[in-house]
Amino acid sequence: MAFLASQNCFSQQILWANKNNLDKKTDFTKVIGQNKFGVYVLKHRNSSFRRYFLLEYFDKRMNLLKSKTFKIPNSELEKIVVTPNNIIAFSKEYSKGNLSRLFYQIIDSNFTASEAHTIVNFDNPDIEMSDIRIEYNSTKNKFLIWYLSSEDGKSNLNSFLLHNRKISKNFTPAINCKLENFFIGDALIDDTGNLYLIYSKSEKFKSKLAIDFEHRLYAFNLSNNSNIDIKINEDNTFLSAYKLSYNKAYSEVLAFGLNGVSDEDENKGYFSIRIKCSNFNVLSKINKDFDRKLVSQVLGLKNEQKGEQLNKFKIKKIIPKLDGGMLAICERMFITTQSDVFYVNGIPQSTYARIFNNDEVLVLDLDSNGNPNWFDIVNKNQSSINDGGYYNGIVIMVNDAEINILYNDRLSANADIIQVSYKANGEHSKKILLNNDQYYALLIPSEYNQVTANSIVLPINQNRDFTFIKLLY
């Protein structure tokens, strides 16, 4: 049994997994969830998940209990979901280089995989289709598998609902846009299985003019095949980022996005939309510029007075609130390229480096009509070279009492792990969660998962070795 270290840290308990018992032969790791049996971690040699995938199984105190490799010959893992009673793995099978079918397997608590259950066969290899998407509801008992296919200059939405191991196929009227002019953004389903998605369409995707792009919110009711298709942007407005969220308490879907006027990197303001799930009524829709005090806090007073705008922010999470509003958490993220010239025997040689930058975090609280209640800026500056931004970014933990944002304050062996906590009214505090003098630890933000209402599991690089911690709030 793995050695377990635990400690109390103010209002949190920190559980450490034993790094010596973890698999060292895989490069990609993702915490995929927890159910009544324990915590599960997905691993592979890389992020392609072809031919096999590896699962690790921990108890709820982060003792490693089991590790197993699951083989999927001629296939690629598409999505894996931890449900209350088991794990469901969806895979794409290929024949002669072409996609031939999509199937799923159920993995029980003993790590026994069921036979493959086919969801759809792809009999025509010449059909033009989008990537397959899989959404699931909040209780993880309904899965919507969907994709777009092209026919007569239009795009058909093909959807398959998996509920209690039964598959039903649904149809919807074609969307009046060629598949090649489509970009599918965020998507989700509500608890009844209705699909919501934001898509962009353009006949000139390389254009730098806002008028050449149209961004729309689409919703499809599976039970009666009704749908809505709402234009989001103005003709002169770029949408740089957008995200959807489901408010279970109100049975509403929330949409939030950042927009600008000068180019697609500018974040002059935001849009906010609320839709009632029962009838697709639009309850509120607003476009609003950011408060100039917010802009000044990020860019500085002089740049704000010059009329400069925020830019390069991406939406990390949209959190529904019990009053019908939302909390949007955005992070400034961008990649730059640096070139250097050096000489070997008098001959110039060039080198290029990709620099991954993750800077300020914007926390924006909106009421049910999309108007701001309060905002705050978390000032950080993360920059790394040629590593994909592996240790950059933030971890977000949401519970009933507060929102917690965690990040590495420096990207080196002498980093502290910082936590900023927000209450519903905007009050916040900041502390060192793990200090470098004692732990020498770095978070890996892209691989964490909030596994229960009051706990998250985080992959950690501790003194150049890999392990996990579980935070109990």
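Residues numbered from 1 in each chain as written. Predicted model: local features only at pLDDT ≥ 70, side-chain atom pairs only at ≥ 80, totals over all residues. Heavy atoms only, no water.

Visitor: Before we go on, may I ask you to explain the sheet that holds strand 5 (residues 50–58) in this structure?
Guide: The strands making up a sheet associate through hydrogen bonds between their backbones, and the pairing can be parallel or antiparallel. Judged by pairing direction, the sheet is antiparallel, and its seven strands sit side by side in the order 3-4-5-6-7-8-9 without closing on themselves. Edge strands, defined here as strands with exactly one partner in the open sheet, are strand 3 (28–34) and strand 9 (117–121). Along the sheet, successive strands turn relative to each other by an average axial angle of 25°, direction set aside. Where strand 8 (residues 98–107) and strand 9 come together, four bridges link them in antiparallel fashion. (Pairing = 2+ DSSP bridges. Helix = DSSP H or I, 4+ residues; strand = E, 2+ residues; numbered from the N terminus. Axes fitted to C-alpha atoms, helices over the stretch in contact; angles between N-to-C directions.)

Visitor: Would you mind going over the side chain of D376 with me for this structure?
Guide: Within the secondary structure layout, D376 lies in strand 27 (residues 372–378). Buried within the structure, D376 lacks any salt-bridge partner; its nearest side chain of opposite charge belongs to K430, at an N-O separation of 9.1 Å. Reaching out from D376, the side chain makes a polar contact with the side chain of Y422 at a distance of 2.5 Å. Apart from residues lying up to four places away in sequence, D376 is in contact with Q297, V361, L362, V363, Y422 and H428. (Buried < 20%, exposed > 50% of the residue type's maximum accessible area, 1.4 Å probe, protein only. Lys, Arg positive; Asp, Glu negative; His and termini not counted. Salt bridge = Lys/Arg side-chain N within 4 Å of Asp/Glu carboxyl O. Polar contact = N/O pair within 3.5 Å; in protein donor to acceptor, adjacent residues only side chain to side chain. Contact = heavy atoms within 4.5 Å.)

Visitor: Got a minute to help me understand the layout of surface pockets in this structure?
Guide: In this structure, the second largest pocket occupies an estimated 380 Å³ of space. Taken together, 17 residues form the lining of the second largest pocket, with F183, H215, L239, S240 and Y242 sitting closest to its centre. Elements with a contribution of two residues or more to the lining of the second largest pocket: strand 14 (182–189) and strand 18 (238–247). Ranked by residues supplied to the lining of the second largest pocket, first place goes to strand 18 with five residues. By residue class, the composition of the lining of the second largest pocket is eight nonpolar, five polar and four charged. (1 Å grid on protein atoms, 1.4 Å probe; cavity = no way out; pocket = protein on both sides within 12 Å on 5 of 7 lines; lining within 4 Å. Points joined across faces, edges and corners; volume = space filled by probe spheres on them. Nonpolar A, V, L, I, M, F, W, Y, C, P; charged D, E, K, R; others polar.)

Visitor: Please clarify how the sheet that holds strand 10 (residues 133–136) should be interpreted in this entry.
Guide: Here we have four strands laid out as an open sheet, ordered 10-11-12-13, and antiparallel in their pairing. Here the strands that pair on one side only, and so sit at the sheet edges, are strand 10 and strand 13 (166–170). Mean inter-strand twist for the sheet, computed between neighbouring axes without regard to direction, equals 25°. With ten bridges joining them, strand 11 (residues 142–151) and strand 12 (residues 154–163) adopt antiparallel strand pairing. Along strand 12, the bridge assignment pairs K142 with H163.

Visitor: I'm lost on the packing of aromatic side chains in this one. Help?
Guide: When we look at a pair of aromatic rings, we describe it by the centre distance and by the angle of the planes. Tallied over the entire structure, the rule returns 21 aromatic pairs. In this structure an aromatic cluster arises from ring pairing among Y40, F53, Y57, F70 and F111. Across the ring face of F334, the terminal group of K312 is positioned such that the distance to the ring centre comes to 5.8 Å. (Phe/Tyr/Trp six-rings, centres within 6.5 Å; stacked < 30°, edge-to-face > 60°. Lys NZ or Arg CZ within 6 Å of the ring centre and 35° of its normal.)

Visitor: Is there a simple way to explain the pairing of strand 7 (residues 87–95) in this structure?
Guide: Of the pairings in the sheet, the one linking strand 6 (residues 64–82) to strand 7 comprises seven bridges and is antiparallel in character. If you follow S75 over to strand 7, its bridge partner there is E93. From the end of strand 6 to the start of strand 7, which pair antiparallel, there are four residues. As paired elements, strand 7 and strand 8 share nine bridges and run antiparallel to each other. Residue pairing across strands places F90 opposite Y104, the latter belonging to strand 8.

Visitor: Honestly, the environment of I432 in this entry has me stumped. Any pointers?
Guide: For I432, the position within the fold is in strand 32 (residues 428–434). Classification of I432 as partly exposed rests on a relative accessible area of 41%. As for I432 and G393, which are separated by 39 residues in sequence, their C-alpha atoms are 16 Å apart. In this view, I432 contacts D416, I417 and I418; residues no more than four positions away in its chain are not counted.

Visitor: Whenever I open this one, the pattern of salt bridges confuses me. Can you help?
Guide: Close approach of charged atoms allows side chains of opposite charge to pair. Per the counting criterion, the structure on display carries 17 salt bridges. Note that E56 and K43 form a salt bridge whose closest N and O atoms lie 3.4 Å from each other. Placement of the pair is E56 in strand 5 and K43 in strand 4 (residues 39–44), with a sequence separation of 13 residues. Accessibility assignment for this pair places E56 and K43 in one class, buried. Its salt-bridge partner being D229, residue R216 comes within 2.9 Å of it at the nearest N-O pair. Of this pair, R216 sits in strand 16 (residues 214–220) while D229 is found in strand 17 (residues 227–231), placing the two residues 13 residues apart along the sequence. Note on R216: relative accessible area 15%, which makes it buried. What emerges from the salt-bridge pattern is a single network uniting E214, R216 and D229.

Bear in mind that shape data such as this cannot, by itself, settle questions of function.
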